[in-house]
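Structure at a glance
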2 protein chains.
Amino acid sequence: MYTMSVPFFQHIKKFVSIPDEDLPGILSHFQVLKVKKKQNLLENGMVCRTNYFVVKGCLRMFFINDKGTEQTIQFAIENWWISDYLAFLNQKESNFCIQAVETSEVLAIDFQTQEKLLAQYPAMEKYFRCVYQKAFAASQLRVKYMYDFSKEDLYLHFEKWFPEFVQRIPQYLVASYLGFTPEYLSEIRKKRIS
Amino acid sequence: MYTMSVPFFQHIKKFVSIPDEDLPGILSHFQVLKVKKKQNLLENGMVCRTNYFVVKGCLRMFFINDKGTEQTIQFAIENWWISDYLAFLNQKESNFCIQAVETSEVLAIDFQTQEKLLAQYPAMEKYFRCVYQKAFAASQLRVKYMYDFSKEDLYLHFEKWFPEFVQRIPQYLVASYLGFTPEYLSEIRKKRIS
DNA sequence: CGCGACGTTGATTTGCCTCAACGATTGTGG
DNA sequence: CCACAATCGTTGAGGCAAATCAACGTCGCG
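Criteria and thresholds
Residues numbered from 1 in each chain as written. Chains lettered and ligands numbered in written order. Predicted model: local features only at pLDDT ≥ 70, side-chain atom pairs only at ≥ 80, totals over all residues. Heavy atoms only, no water. Helix = DSSP H or I, 4+ residues; strand = E, 2+ residues; numbered from the N terminus. Buried < 20%, exposed > 50% of the residue type's maximum accessible area, 1.4 Å probe, protein only. Contact = heavy atoms within 4.5 Å. Phe/Tyr/Trp six-rings, centres within 6.5 Å; stacked < 30°, edge-to-face > 60°. Lys NZ or Arg CZ within 6 Å of the ring centre and 35° of its normal. Arc of directions from axis to C-beta. Buried area = accessible area lost by both parts, 1.4 Å probe. Salt bridge = Lys/Arg side-chain N within 4 Å of Asp/Glu carboxyl O. Polar contact = N/O pair within 3.5 Å; in protein donor to acceptor, adjacent residues only side chain to side chain. Nonpolar A, V, L, I, M, F, W, Y, C, P; charged D, E, K, R; others polar.

Turning next to the side chain of Glu125 of chain A. Note on placement: Glu125 of chain A falls in helix α5 (residues 122–148). According to the relative accessible area criterion, Glu125 of chain A is buried, its value standing at 7%. Setting aside anything within four residues of it in sequence, one finds Glu125 of chain A in contact with Leu118 of chain A together with Glu125, Lys126 and Arg129 of chain B.

Taken as a whole, this structure holds 46 aromatic pairs over all chains when the rule is applied. Measuring from centroid to centroid gives 5.8 Å for Phe128 of chain B and Tyr132 of chain B, while their planes differ by 35 degrees, and the two rings are tilted. With a gap of 4 residues between them, Phe128 of chain B and Tyr132 of chain B both fall in helix α5 (residues 122–148), about one helical turn apart. A relative accessible area of 0% places Phe128 of chain B in the buried class. Above the face of the Phe63 of chain A ring, Lys144 of chain B is positioned so that its terminal group lies 4.9 Å from the ring centre.

Residues Phe111, Thr113, Gln114, Leu117 and Leu118 of chain B constitute the buried set of helix α4 (residues 111–120) of chain B. Down the axis, α4 of chain B shows its buried residues gathered within 160 degrees of arc, on one side only. Every exposed residue of α4 of chain B that faces more than 90 degrees away from the buried side is listed here: Lys116 and Ala119 of chain B. Buried residues belonging to α4 of chain B abut α5 of chain A together with α2 (23–27), β3 (50–56), α3 (85–90), β8 (104–110) and α5 of chain B.

Turning our eyes to something else, we now look at the interface of chain A and chain B. Taken residue by residue, the interface counts 42 residues in chain A and 42 residues in chain B. Across the chain A to chain B interface the summed buried area is about 3,600 Å²; carbon plus sulfur atoms make up 66%. When the area that chain A buries against chain B is broken down by residue, the three leading residues are Arg129, Phe136 and Tyr147 of chain A, summing to 21%. Where chain A packs against chain B, one counts 2 salt bridges. Close ionic contact of Glu125 of chain A with Arg129 of chain B constitutes a salt bridge, the shortest N to O distance being 2.4 Å. At the junction of chain A with chain B, the criterion picks out 15 residue pairs in polar contact (both at pLDDT 80 or more). Elements with a contribution of two residues or more to the side of chain A that touches chain B: β4 (59–64), β5 (70–76), α3 (85–90), α4 (111–120), α5 and α8 (171–178) of chain A. In terms of residue count, the dominant contributor to the side of chain A that touches chain B is α5 of chain A (19 residues). Of the residues belonging to the side of chain A that touches chain B, the class tally is 20 nonpolar, 12 polar and 10 charged.

Keep in mind these numbers describe shape, not what the thing actually does.
What follows is the structure in structure tokens.
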């Protein structure tokens, strides 16, 4: 329980300086979870009560479109936060599912507890400000890529920047994240080999 | 100068409670700008030094793709913040331009000044945490729409939720924001009338 | 071993883009 | 206040990127 929270503390310290004696108090606000591959942390239609930090493994957030296919809109690997923030902020039902891509270890904090944590530790307020700022920055860049690149370029770019991730994750999930079909991904990979 | 900052104070008070006597001190960190239609606040290739809050009017952020056409990735109307946050956070060159869609009044704060402001007023740390959290939430939803909807549905949805905005803004900018061509937008509108 | 999940391949279809030309509207200087 | 240009919106023909659908190979796992 304590050793597995080390990556979280390191992540906090990348953004704010915080006395070591505060760390246990901070950690006490979280729940440690082990989730098995394919297990869901958030179900479509349920109130999104929880914000998750991935200590080890990989989660994804997806929804199911009218045609019944899953559309992944976000992955979270080590040191990333994930939640449906619109539903989380308003404590409303979510249209998304959050699912473990691999068996994972996560820290979970529900909305009210997070509010308490932030009120109690101003440094955590700053930490989350930095985390969300970075997340939004990444999101801006992503939207740019979606507009700038063809689907083929999207994949080549993704493969170039996250080669280990492409190994780790089944191809149909990569396709789902980049917004195209597994069949087309197959075609792209065939081209790239020759 | 003072009266035009009222909307900003109101916006702050929607997220945090803050004593009125702090407001002048906070405001002193900002520069008040009037920008004319089509005037640029950030130029492609320049270091992104500034974060902008729109008091009145409308800004947009765009880039120019390989084919030389402008791709709008964000609008900011009254009470929205806008910047290229990746470039802003790292104080690096931006690939974007920020331009006034309408003649506008904005509050501007550069990176170092914002850091000072946040250090001095913990309430502002919370304020920006909320602002970025909301921005990221909106961005998640936007990515969902981009995956979920056809271009036609994107427009109909946009028109339904922001009818006044569609009136206010030239159509080719709406098309550029939604990721398709003015010609295709024309086709969509023709269909909708019949 | 046999089943289900995953990846590949090819034929066909389609949503949307490209390009070019033409109205409509706006704004601006004489 | 008008003339002219520039900007913006529309229309249509043709083309391409990527989806759809169906079938088949392959691998891991119970």
